[in-house]
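Residue strings, one per chain:
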Amino acid sequence: MKFIVYRCTKDPDYFIVTDRHHVEQVREAMCPSGGDVERIGEYAEMGESRVAFDETLAKNSIEHQGFYRFEANTFAAVPEAPEMPA
């Protein structure tokens, strides 16, 4: 299976994953704050080494509803470490 990945433009931490058989089901309405979906790319299965999402969950979700939506906090701001008093 090849996963087709989209990202929500107004919520860059939200991703929608589908396959070529269900790509027409991806809609902007799937994004929590509206906006558009932008295609990120198409990726082959990588097994357990995939970091972004669980492929088994994605495949089951795509089979049952045509897509898998998840939130990845990879784009969240990283807080600065507090400074130690001198």
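Residues numbered from 1 in each chain as written. Predicted model: local features only at pLDDT ≥ 70, side-chain atom pairs only at ≥ 80, totals over all residues. Heavy atoms only, no water.

Undergrad: Any chance you could explain the packing of aromatic side chains here in plain terms?
TA: For any two aromatic rings, the description comes down to two numbers: the centre-to-centre distance and the angle of the planes. Under the counting rule described, the total for this entry stands at five aromatic pairs. With a centroid separation of 5.4 Å and an interplanar angle of 15 degrees, the aromatic rings of Phe-15 and Phe-70 are classed as stacked. With Phe-15 in strand β2 (residues 14–18) and Phe-70 in strand β4 (residues 68–71), this pair connects stretches of sequence that are 55 residues apart. Both residues of the pair, Phe-15 and Phe-70, count as buried. Judged by centre distance (6.3 Å) and plane angle (50 degrees), the rings of Phe-53 and Tyr-68 are tilted. Of this pair, Phe-53 sits in the loop between β3 (37–44) and α1 (55–65) while Tyr-68 sits in strand β4, and the two are 15 residues apart along the sequence. Of the two residues, Phe-53 and Tyr-68, both sit in the buried class. Three or more aromatic residues joined by ring pairs form one cluster here, namely Phe-3, Phe-15, Phe-53, Tyr-68 and Phe-70. (Phe/Tyr/Trp six-rings, centres within 6.5 Å; stacked < 30°, edge-to-face > 60°. Helix = DSSP H or I, 4+ residues; strand = E, 2+ residues; numbered from the N terminus. Buried < 20%, exposed > 50% of the residue type's maximum accessible area, 1.4 Å probe, protein only.)

Undergrad: Even after reading the chapter, I still don't get α1, so can you show me in this structure?
TA: Structurally, the α-helix is built with 3.6 residues per turn, so residues lying three or four positions apart point the same way. Within α1, the full set of buried residues consists of Glu-55, Ala-58, Ser-61 and Ile-62. Down the axis of α1, the sector holding all buried residues measures 125 degrees, keeping them to one side. Seen from the buried face of α1, the exposed residues on the opposite side, beyond 90 degrees, are Thr-56, Glu-63 and His-64. Considering only its buried residues, α1 is in contact with β1 (2–8), β2, β3 and β4. Looking one or two residues beyond α1, the residue adopting positive phi is Gly-66, at roughly 90 degrees. (Arc of directions from axis to C-beta. Contact = heavy atoms within 4.5 Å.)

Undergrad: Help me understand the pattern of salt bridges, please; the structure alone is not making it clear to me.
TA: One side chain can pair with another of opposite charge once the charged atoms of both are near each other. For the structure on display, the rule yields three salt bridges. A salt bridge links Glu-38 to Arg-7; the shortest N-O distance between them is 2.8 Å. Here Arg-7 lies in strand β1 and Glu-38 lies in strand β3, a separation of 31 residues in the sequence. (Salt bridge = Lys/Arg side-chain N within 4 Å of Asp/Glu carboxyl O.)

Undergrad: Is there a simple way to explain the environment of Asn-73 in this structure?
TA: Among the structural elements, Asn-73 can be located in the segment after β4. A sequence separation of 61 residues divides Asn-73 from Pro-12, and the C-alpha atoms of the two residues are 9.0 Å apart.

Undergrad: Can you walk me through the sheet that holds β2 in this structure?
TA: Adjacent strands of a sheet pair through backbone hydrogen bonds, lying either parallel or antiparallel. Here four strands make up an open sheet; going across it, the order is β3-β1-β2-β4 and the pairing antiparallel. Every other strand in the sheet has two partners, leaving β3 and β4 as the edge strands with one partner each. Averaged over all neighbouring strand pairs, the angle between strand axes comes to 25 degrees, with direction disregarded. Note that β2 and β4 share four bridges and pair antiparallel. Bridge pairing links Phe-15 to Phe-70 in β4. (Pairing = 2+ DSSP bridges. Axes fitted to C-alpha atoms, helices over the stretch in contact; angles between N-to-C directions.)

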